[in-house]
Structure formats: structure tokens, C-alpha cells
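Single-letter residue listing:
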Amino acid sequence: MSISVQHISKSFKKVTAVNDVSFELKEGELFGLIGPDGAGKTTIFRILTTLLFADKGTATVAGFDVIGDYKEIRNNVGYMPGKFSLYQDLTVEENLDFFATIFGTTIEENYELIKDIYVQIEPFKKRRAGALSGGMKQKLALSCALIHKPKVLFLDEPTTGVDPVSRKEFWEMLKRLQQKGITILVSTPYMDEAELCDRIALIQHGKILQIDTPQEIIKHYPKKIYDVKADNMYRLLESLKSFEHHYSVYPFGEFVHYTDKREDFNPQELQQYLATKNHQNIKIEITKTTIEDTFMELAK
Amino acid sequence: MKRFIGFVKKEFYHIFRDKRSLFILFGMPIAQILLFGFAITNEINNVDIAIFDKSNDATTQEIIQKISASKYFSIKQNITNEAEIETVFQKGKVLAVLVFEKDFKKNLTKDNAAKVHVITDATDPNTANSITNYISAIIGSYQKEINKNSTLEYQIETKSRMVYNPELKSVFMFVPGVMTIILMLVSAMMTSISITREKELGTMEILLVSPLKPFQVIVGKVIPYIFLSIINAIVIVLLSIFIFKMPVQGSLFLLALESVLFIITSLSLGILISTVSATQQTAMMISLMGLMLPTILLSGFIFPISSMPLPLQIISNIIPAKWFILILKGIMLKGVGLCFIWKETLILAGMTLFFIALSIKKYKIRLE
Amino acid sequence: MKNNNVIEVENLTKKFGNFTAVNSITFEVKKGEIFGFLGANGAGKTTAMKMLIGISKPTSGKAQVAGFDVFTHPEDIKKNIGYMSQKFALYDDLTVKENITFFGGIYGLSRAKIKEKRNELVEELGLQDIVNELVGSLPLGWKQKISFSIALLHSPTIVFLDEPTGGVDPITRRQFWEMIYKAANNGTTVFVTTHYMDEAEYCDRVSIMVDGKIEALDTPKKLKEKYNADNMNDVFLKLARG
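Residues numbered from 1 in each chain as written. Chains lettered and ligands numbered in written order. Predicted model: local features only at pLDDT ≥ 70, side-chain atom pairs only at ≥ 80, totals over all residues. Heavy atoms only, no water.

All right, on to the interface of chain A and chain C then. Quite often, the size of an interface is put as the accessible area lost when its parts meet. Of the residues lining the interface, 34 residues belong to chain A; the matching set on chain C comes to 27 residues. With both chains or domains summed, chain A and chain C bury close to 2600 Å², and 59% of this area falls on carbon and sulfur atoms. Of all residues in chain A, Pro-164, Tyr-234 and Glu-254 of chain A give up the largest surface area on contact with chain C, accounting jointly for 23% of the area buried on that side. Taken together, the links from chain A to chain C amount to 4 salt bridges. Of the charged contacts, one joins Glu-254 of chain A and Lys-224 of chain C as a salt bridge, the two residues approaching to 2.7 Å between their closest N and O atoms. Our enumeration of links across chain A and chain C arrives at 7 residue pairs in polar contact (both at pLDDT 80 or more). Listed by contribution, the elements that provide at least two residues to the side of chain A that touches chain C are α6 (164–179), α8 (233–242), β12 (246–252) and α10 (291–299) of chain A. Per-element accounting of the side of chain A that touches chain C gives the leading share, 5 residues, to α6 of chain A. Here the residues of the side of chain A that touches chain C sort into 17 nonpolar, 5 polar and 12 charged. (Contact = heavy atoms within 4.5 Å. Buried area = accessible area lost by both parts, 1.4 Å probe. Salt bridge = Lys/Arg side-chain N within 4 Å of Asp/Glu carboxyl O. Polar contact = N/O pair within 3.5 Å; in protein donor to acceptor, adjacent residues only side chain to side chain. Helix = DSSP H or I, 4+ residues; strand = E, 2+ residues; numbered from the N terminus. Nonpolar A, V, L, I, M, F, W, Y, C, P; charged D, E, K, R; others polar.)

Counting residues in hydrophobic clusters, the biggest one holds 146 residues, and the most contacted among them are Phe-23, Leu-48, Leu-142, Phe-154, Leu-174, Leu-177 and Leu-185 of chain A. Among the elements that line this core, the one with the most residues is helix α7 (residues 174–201) of chain B, at 16 residues. Those residues within four positions of Leu-48 of chain A in sequence are excluded, and the remaining contacts are Ile-3, Val-5, Phe-23, Ala-59, Val-61, Val-66, Ile-73, Phe-154 and Leu-185 of chain A. Among the nonpolar cores identified, the runner-up in size contains 69 residues, and Tyr-273 of chain A together with Phe-103, Leu-121 and Phe-176 of chain C belong to it. (Core = buried A, V, L, I, M, F, W, Y, C linked by side-chain atoms within 4.5 Å. Buried < 20%, exposed > 50% of the residue type's maximum accessible area, 1.4 Å probe, protein only.)

Glancing now at helix α9 (residues 232–241) of chain C. Spacing of three or four residues puts side chains on the same side of an α-helix, whose turn is 3.6 residues. Met-232, Asn-233, Val-235, Phe-236, Leu-237 and Leu-239 of chain C are the residues of α9 of chain C that are buried. Against α6 of chain A together with β3 (34–39), α7 (197–200), β9 (205–210), β10 (213–218) and α8 (220–226) of chain C lie the buried residues of α9 of chain C. For α9 of chain C, the side-chain oxygen to backbone nitrogen distance between the N-cap and Asn-233 of chain C is 3.2 Å, and the N-cap itself is Asn-231 of chain C.

Below, the discussion takes up the environment of Met-184 of chain B. Residue and element names in this part refer to chain B. Locating Met-184 in the fold gives a position in helix α7. Taking the relative accessible area as the measure of exposure, Met-184 reaches 2% and is therefore buried. The spatial distance from the C-alpha of Met-184 to the C-alpha of Lys-221 is 16 Å, given a sequence separation of 37 residues. With sequence-adjacent residues up to four places away left out, Met-184 is seen in contact with Met-189, Phe-262, Ser-266, Leu-269, Leu-291 and Thr-295.

And the structure:
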């Protein structure tokens, strides 16, 4: 096991940030902690990177205990904290060189590992980090976290606040790193990124709701979901919620995701009901379940 | 070691690329010294004084003549009894009263010594001090004049007494004071800000999760500031010697050693501040309110300690700057050696050890 | 202003020195519409929005917001719009009640009116238990719902939302969008700037800014058809990659 977390709990004053969390990562796995702000993701990262003590439970990273062997862990992991923003007043090259130096290595020594990522920002290596775009900063931060060839990589919300193009590129980079045998624990509030991980843990209020592959998690969703659409969204929501057989009603982009309490639900019936409520251009279609639907069902 | 040097290098980049810190580092000392140097001037002009001549003989007349002939003083009044001294001061008519003893000339010729008393209104201590100096100088030159024509050594003893403010600050006091403040500011505030900046940026988390040892991070942060503070101290001393002609009486080497000690004291205070504050803003507030204000107000730099109420006098003892100012005063103004200031040095060293021990205890290798 | 447009923008441009942050954009927003204003960081959305809410003067072009010209009547615009940003929402060290009173006061509502509005709001959001709690102690989702309601307190013609739902849990986020739909249904125009593409899916129409220009403007559905994409994220990727 590359990372093993057993019954970890952590409270800050009155607030329970992490509540009896357990999970394991195999070597070379890309594992996602998926949950909103305040779910406890950052606290878990800090416990695993030896920055915080857990109140209860045990954890090991790369075979080392997070409390007893914290020095070994600090030599063997790469960490990109959530609000990490590098040294704005140092250039790209100086930043990378600094992190290489403090980890007792050089850029040349591990260039192979970061090459893919670094070549994209190398043309700007004399530019100050503060003057880089969000996407480039993120690439530099990843290069810095990788420069000492860590066995395990911790990425706390690396794609928050980054535009879609950079997000996509970032995940492609993670896939390539995974192929090089690095275990990666990544957290994100974006449900749509869940499907890019090997396995995920859905987390809210410090508790893990479910752990599995994204495909299995979706498969276990107990209901059929229907996309419902009509001209006036607000009225549609009101009508659906007052439909006696509704189980859940959630706006979902241009549609409403509707589930029914009954097993033998017939969409025709709903269509007629909505027509009596004077809705125009009603459309009802069965749709694919997403991680977000599952999350909402579990978090209910 | 390579890691450590890399770290120190990075710190220097930060300092030299931040115009604000560069200004605080180098603009402030120069600006402060010049400001204090020119604002507190010891020039006096046409000061009103009164004469109480108990002797009224040829010699005293000659001296009075000389004083009134100078452009510095104008004699406003002649006083005939002791009680009047108090009244003229209270009415604010004059800033000084010159009292010649009885039988001034007779004493001078018979015993080769005579006494003149300069009583000054020291509500404005700097002016009072200047007045005393000028009068002493005039009397001194008169003394030389009469000695030239005589084989005997005539001594006129000028005694001064300052009313209302018994301990007088020298005009040169501003140099030790400013130096103390600058070193405190640069060392304590700048280090605490630079450490908390890493916390704010989130880079402190990375540094903690790196093989760098915590003390390497701290020492690495501190080294550039030791270096810069020393440069600052040198600049201040040079400015005061060459621009303000301040005599440095004691050993420059001892001065340097004591300054390094005080720099380390301030740095350890800076580290201590950074362990208790999470943001640059808090660090700055604590440095300004918790260090600068007491340093300016309670160290004896501006307000003499002996005229403070007792509780403040007691509190002033825990202010490192107080001891450093005493040391600087000793070395720069009085020219004393270590045997006279060992007590102050020891106190300062003790404080430093205490702050370092406390910061090590408070510095966390984790985030809590 | 013709028919029922509440925002009309024509060739609006903002230059900073040689740099053109907003390059001749043209669009209009209808009353009661939920309009998504998308773009990557640095694409010029913030600059454009600052011009529309009357705190930045355009270099050239024309723009009317809530019936007022941005060049000549920026102060009138400010009175007729509401604004909510994720970065700055409410004062953490004031209670919910004090926040409502404060913001009501800023927009010149009378005491009686503030009280009336406050009671409405408490009723609607079910705030009875937390109305005297400090805002800082509330979960993020609550803060956002309250701050949206406060932005609507003075019944503005248009409400501007700056990245309103980033990082919120999926359920709260949907409650938030239900509030937006309700406001729009009541005739308030909602102008959402965001770089979260999944927020865009909820809008009636969206515009996508790339390098200071509006490169696409339509309903999410039509944009997805046009770019043959599954979701707005893909639309954006295809647009940005040219």
C-alpha cells in the first residue's frame, strides 16, 4: 500500500473536520478526494503530509508512519497545497532551482520526470512567477512538487480557479505521471473531474460517503434519472416538487434531473401532469447518471 | 549545506526585488538620521538671560560684557536676590540666570579659583544644554585670555544647574536612539514579516514538508537581515561621524560587537513574533505596537527614564532597547570600555537567550 | 432603450495604455433573463463587468444599463443594480440581522422597509434560528444564499453575480440556482460572470469572451449543437483552441 489511512479523526475546537476516515491507495494509483469546500479534504492532506496530528487513527505514507517517521515522509513526498502560489518575485527558473536545492537535488538530475510539463513553461523561464497566467503557474507548481522525484504526490485542489483548457491539460499531465509509477492523491470540488481518477472517495462534512471506481459508484445509483425540460424553469421546478410521486428534483444545467418514488414510473404520466400545469415545450428523457447525482443522493 | 545556501540566496532575491523592503532597509536609516540631525539643532541665538551678580567687581563686569557682546545672548534683567530667580523663570522672561559668587575677583586672585553658576530653564532640555555649553565656552575663552598674561593658573569654575528637568539629554543622544530604533525595525519587523509572508503564500507548508530542518529555515531567514542590519549600523555611525561631527569616544570594535548582540536580540524577537502571527499584517502590527512604541517611548530615547513614574521605570527594564541605548551612550559619548557596561551587556545577552529559547519552543514543525 | 432590454452594449471598448482589455463587444440582455458572461481568467470579463456596473469608464462605445448611460449616469446605475461576489459577500463579524440592516441602509431603504424586507427574508430562507448568529460562524452555502438575498434587498433591475457558486456542495448549489430562477421569474435580470463552465449550463444565454472579444453568444443548447459538444466545458475547449 502506498497510502493507508485507518479511522482518522480530527477536530478543531468545536468543529469536526475529519470524522473516522479510512481509505487505501495502491502503488501507482490516481485517487481522488471529491467534495465541496469545508468537507475536510485539506485537513486529510495535512495529516498525511505530517503537518497536522490526527486526534485518532493511524496513517502511513510510502510505508512510513505519519507521526513516527515524519522525516522520511518529508523526503519522499511531493506536495502542492491548495493556496500554494510559489514565490511571485522569483523567476520560473529560480523557483524551480530553489525547490530542487532544498530537496538536495538539481534540475538536471530529475529533468526527465518534469520534462513534459516544464518544456511548456521553459520559454518563460526568465519571467517572474507573479507574471504567469493561472495555467502556467499551476504547471510550474507541479514541476516544483516533482523536482525531487517523490514516490507519492499530494495535490490539494490543483484545478480550483483554473480555466477549462488548463484543467484538461493538467489532468493529462497527471495521467502521464501515473504511468511513471508515482502514486497520486488529488482533491477537487469539481464532480466532473471524478471520472478521470482510478478510484474516488466522495466526502462531505468530514465523512466519506463512498469509495469506489467512478464507474461502480455510478452503477450503484438506485434510480433512473430523467431529464425534464420546459419553457419556464422556475415554474417547472415548482410543479415537479408538488408532483406527489417525486423522489428528487434538482436543476441540472438546462434540464431538471427528476427521479420518481415508484419502480414502474411512466414518463407519460409526468408529461400529462405538466401539461395540466400549463407548461410549454415539455421534454422528458431518460439520462445518464453522473457522479454529482450520486453525491447528492448520498449526501441527502 | 548546499540546501541552506540555496535558501539564503532566495531570501536575498526577495529583499532586493521588493522596493518596499529596500526602502525600509536603506531609505529609513538615512532619512531618520538626517531628520533627527537637522531637526534637533544646537544653534542658539539672542537668548534672553538674567544676571545675579553678588560680587559686582571688575572681573564679573568683564565677563558680563563679553557675554552680552556675543550674538547668542542678550541680558534682559539684573537680579538682586535669590528669590527673584524663581520668579523670572516662572514668568518665562529668561531662559537662564547667571549667578556670580560673592567676592568673585578676590577669590580668583587669592585662591586662583572662582565660581559662577548657570541656572537654566530645562523645560526645553536641548536649548538648556546649548545655553550652558555656550556660556561655559565664553567663560572658558575669557579664562584663557587672563591666563595668558599671568604665570598663575586662574580657574573659573562654571557650575550648571538645570531646573525642571534634572536629567538632560544630550543633543547627540539621537544617534544612539535612532540607531537602536533602526536596528530594531529592520531586524525584528522585517524578519517577522518575511517569515509570515511564507505562511500567507502557503510556501511555508512546502518548506515544512521538505527535508530542510526548521532551524535551517529560521536561520536562513535571519542571516540576510543580520548582514543588512550590520550595514545599516555602519551607515548610521558613518553619517553621524562625518555629517554631524559626532565624536565616537570608545572602541569601534566594542561598538560593533555590541551592535551585533543587539541585532541578534531583535532578530530573536522577530522570530518570536512570527511564531504567534499568521499574517504579514498581524506581524507588522505586533512589531509596531509591541516593539517600536515601547522602544521609542520607554527606552529613554525621547523621555528620560528617571523622570518617568515608578511603574514605567520598572517596565523600562524589560525593554532591550533601554540597555542598548545605555551601552551605545557609554561607548559613543563617554568612551567607556566593557568593564563599565558589562552589566548592560549581560542583561541584553540574557534577554537574547531567553527570546531564542522561547522561539524555539514556540516554533512548530507542524501547522497547529 | 428599445423593447425590454435592460442591458444594451455596442462596440464597448476599454484600453489600458496599449493593451486592449475589452475589444469592441456588442450584446444585449433582456428583462428577466439569466445571462452568463464567461471567459478564462484575464479574458476581460471583470473589466467589462466593471464598466457595466459604473465603476470604470469605457474608452469608447456605447452602453446602457437599467436605462442609464454608463458614461453619463454611473451613479444612477449603481442605485438600480445589486452585486454579489464570492470573494466579498458579507461581514463575518456582524450577525445576519445586522448585515441585512447595514446593506439595506446603504441602499437607502427606510427603517420600516428594512424591517419588512428582513422578516420576508428570514421567513423565506428559514433563518429564524440563525438570524442573531455571526455570519462568520455559518457554512459557506448559507452565506451565499443570504448574500444573494441581500443583493436583491432593494429590488434592483439587474443583479450581477461574480462566480457565485464555486466550491459549494452540489445540493446547496442547486438551492442557490433555484433562488436565481425565482428572481428571474419575478422579472429581475441576472448577470452571472464566471469561469466555471458548469455554472454556464444553468443560464438562458451565455457569451464567451476570449482575449477581450465575445467569440460566441447563444443559448447553451445551441452552442453545444454548434460546436458538437457534450457540455459547455467542451464548447469552451473547442473555442479556446480555435
